[in-house]
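Residues per chain, in single letters:
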Amino acid sequence: MQFEIVDHPAPRSAEQIKSILADPGFGTNFSDHTAVIDWTEQRGWHHARVEPYGPIALDPAASVLHYSQEVFEGMKAYLHSDGSIYTFRPEANAARLNKSARRMALPELDEQLFIASLEQLVRADKAWVPGGEGEALYLRPFMFATEAFLGVRAAKEVTYRVIASPAGNYFGGELKPVRIWVSRDYVRAAPGGTGEAKTGGNYAGSLIAQQQAAEHGCQQVLFLDPLHENAVEELGGMNVFLVTNDGRLLTPELTGTILEGITRSSVIQLAKDRGLTVEERRITLDEWDRGVRSGEITEAFACGTAAVITPIGELVDGDHRIASTGTGEVTQSLRDELLGIQTGTVEDRHGWLHRLA
Ligand SMILES: *Cc1c(COP(=O)(O)O)cnc(C)c1O
């Protein structure tokens, strides 16, 4: 499928882009274009294009607005020192988008078409990829039900889009441990539910817990298992790892309620490459607490595309606190290695990079 390219009639000037990239923040500024592909039950995917970024006309009855039939992805484009632009493991994002789409009764998108949509958008908006340390052009592919119909069934009209947003350091500044609120009132996902799909509803349901976290001076929420067995699942949008004093890396196993992060699977691979033992299994909050106090657990971190790898500081569980393990050596060096591969300063020995432009 060929992409039609509709250039922005009045793109931002080099000056304007420069001033945005000087302090990109996260998710507040958007590049000049968007990639779009339409789908109908009758025609399948059609009309692939790159067009000017701007508001979308949507029928008020569009089913996404009522029943949240949508899925999304999150990835980054990195500027390398020779001026080329790469993304990281896009086939994995394509596979996950389709897994999420199947769960939400949305159509699957061919991997080649998915990757082409990223290439086309990034080629149009090359100037928007920041090159500072820890900076990248965040890419947000998403798919949603546009059919105007209030009946409850899978929509017969769907749109896929990609937007791009220059991103600085997700939590701002240098690597500071984030303070975490343990959610006791709310769970993120349940067996047979949508926790394994990257879909907006999971995030909508997590916002109230995020508000509680903020009220208690915490930046992120840790969700436990839905059966109240005290098992650690994940943060609102990041997977969790613990490091032990005898060279093991622990992370909750994928049970169907945890989103399988591409950063998570990359960290597991990099850890194994170093000879660390990786244990994917059930981890309770009590094990975490006891381990920190005995000195067996020396580091804790969260990982995801947006924030890469972030050390977990103190855990706030009601009146109980689990002490911070600070920013440990393993956390720091896994982060450096992963970022190094993504930005082209460390050898890409697993062939994870894909050139976009
Ligand atoms: C996207 C996401 C992650 C991290 O996935 P990455 O592929 O590493 O970015 C983790 N948990 C949830 C709930 C997510 O939505």
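Whatever comes next refers back to the structure up there.
This structure is a prediction, so every number in the text was calculated from the model and none was measured.

**Quick word on the environment of Pro-9**
Okay, step 1: As for its placement among the helices and strands, Pro-9 is situated in the loop between strand S1 (4–5) and helix H1 (14–22).
Okay, step 2: On the basis of relative accessibility, which here comes to 73%, the residue Pro-9 falls in the exposed class.
Okay, step 3: For the pair formed by Pro-9 and Ala-214, sequence separation is 205 residues and the distance between their alpha carbons is 42 Å.

**Quick notes on the site of the ligand**
Okay, step 1: Lining the immediate environment of the ligand, one finds 15 residues, of which Lys-198, Tyr-203, Glu-234, Thr-263 and Thr-305 sit closest.
Okay, step 2: Arg-96 places a polar side-chain atom, nitrogen or oxygen, 2.8 Å from an oxygen atom of the ligand.
Okay, step 3: Between the ligand and Thr-305 there is a distance of 2.6 Å, counted from an oxygen atom to a side-chain nitrogen or oxygen.
Okay, step 4: Isolated, the ligand exposes 380 Å² of accessible area, and the fraction of that covered by the protein chains is 97%.
Okay, step 5: Of the residues that constitute the shell around the ligand, the class distribution is four nonpolar, seven polar and four charged.

**Side note on the pairing of strand S8 (residues 157–167)**
Okay, step 1: Where burial is concerned, most of S8 is hidden: 10 out of the 11 residues are buried.
Okay, step 2: Pairing between strand S2 (residues 33–40) and S8: six bridges, direction antiparallel. Residue pairing in the sheet places Thr-40 in a bridge with Glu-157 of S8.
Okay, step 3: Two elements, strand S7 (residues 136–145) and S8, share 10 bridges in a ladder whose sense is antiparallel. By the bridge assignment for S8, Phe-144 is matched with Thr-159.

**Notes on unusual backbone geometry**
Okay, step 1: Phi at Ser-68 takes a positive value of approximately 60°, unusual for a residue other than glycine.
Okay, step 2: With respect to the secondary-structure elements, Ser-68 resides in the loop between helix H2 (63–67) and strand S4 (70–72).
Okay, step 3: One non-glycine residue with positive phi stands out, namely Val-308, at about 60°.
Okay, step 4: Within the secondary structure layout, Val-308 lies in strand S16 (residues 308–317).
Okay, step 5: The exposure class assigned to Val-308 is buried, which follows from its relative accessible area of 7%.

**Details of the nonpolar core**
Okay, step 1: Counting 38 residues, the largest nonpolar core has Ile-37, Trp-45, Leu-109, Phe-114, Leu-139, Met-143 and Tyr-160 as its most contacted members.
Okay, step 2: Only H1, S2, strand S3 (44–52), strand S5 (75–79), helix H3 (90–103), helix H4 (111–124), S7 and S8 provide two or more residues apiece to this core.
Okay, step 3: A total of seven residues in this core trace back to one element, the largest contributor, which is H4.
Okay, step 4: For Met-143, the contacting residues outside a window of four places in its chain are Trp-45, Gln-69, Glu-70, Val-71, Leu-97, Ala-101, Leu-106, Pro-107, Leu-109, Val-158, Thr-159 and Tyr-160.
Okay, step 5: In terms of nonpolar packing, the next biggest core, distinct from the first, is built from 24 residues, Val-243, Val-267, Val-278 and Leu-334 among them.

**So, the packing of H3 against H4**
A pair of packed helices is captured by two measures, namely the crossing angle of their axes and the spacing between those axes.
Okay, step 1: One can describe the packing of H3 onto H4 by two numbers: an axis separation of 9 Å at closest approach and a directional angle of 120°. Looking at the two axes, H3 sits oblique to H4. Relative to H4, the crossing made by H3 is right-handed. The segment H3 lies against H4, with Pro-90, Glu-91, Asn-93, Ala-94 and Leu-97 engaging Glu-111, Phe-114, Ile-115 and Leu-118.

**Some details on the side chain of Thr-284**
Okay, step 1: Positionally, Thr-284 belongs in the loop between strand S14 (277–281) and helix H8 (285–294).
Okay, step 2: Classification of Thr-284 as buried rests on a relative accessible area of 16%.
Okay, step 3: Only 3.1 Å separates the side chain of Thr-284 from the backbone nitrogen of Glu-287, close enough to count as a polar contact.
Okay, step 4: In this structure, Thr-284 is in contact with Glu-229, Asn-230, Ala-231 and Val-232, ignoring residues within four places of it in sequence.

Reading the values: the criteria
- Residues numbered from 1 in each chain as written.
- Predicted model: local features only at pLDDT ≥ 70, side-chain atom pairs only at ≥ 80, totals over all residues.
- Heavy atoms only, no water.
- Helix = DSSP H or I, 4+ residues; strand = E, 2+ residues; numbered from the N terminus.
- Buried < 20%, exposed > 50% of the residue type's maximum accessible area, 1.4 Å probe, protein only.
- Near = heavy atom within 4 Å.
- Polar contact = N/O pair within 3.5 Å; in protein donor to acceptor, adjacent residues only side chain to side chain.
- Areas by Shrake-Rupley, 256 points an atom, 1.4 Å probe, with all protein chains shown as cover.
- Nonpolar A, V, L, I, M, F, W, Y, C, P; charged D, E, K, R; others polar.
- Pairing = 2+ DSSP bridges.
- Core = buried A, V, L, I, M, F, W, Y, C linked by side-chain atoms within 4.5 Å.
- Contact = heavy atoms within 4.5 Å.
- Axes fitted to C-alpha atoms, helices over the stretch in contact; angles between N-to-C directions.
- Parallel < 35°, antiparallel > 145°, perpendicular 65-115°, else oblique.
- Left-handed = near helix turned anticlockwise from the far one by under 90°.

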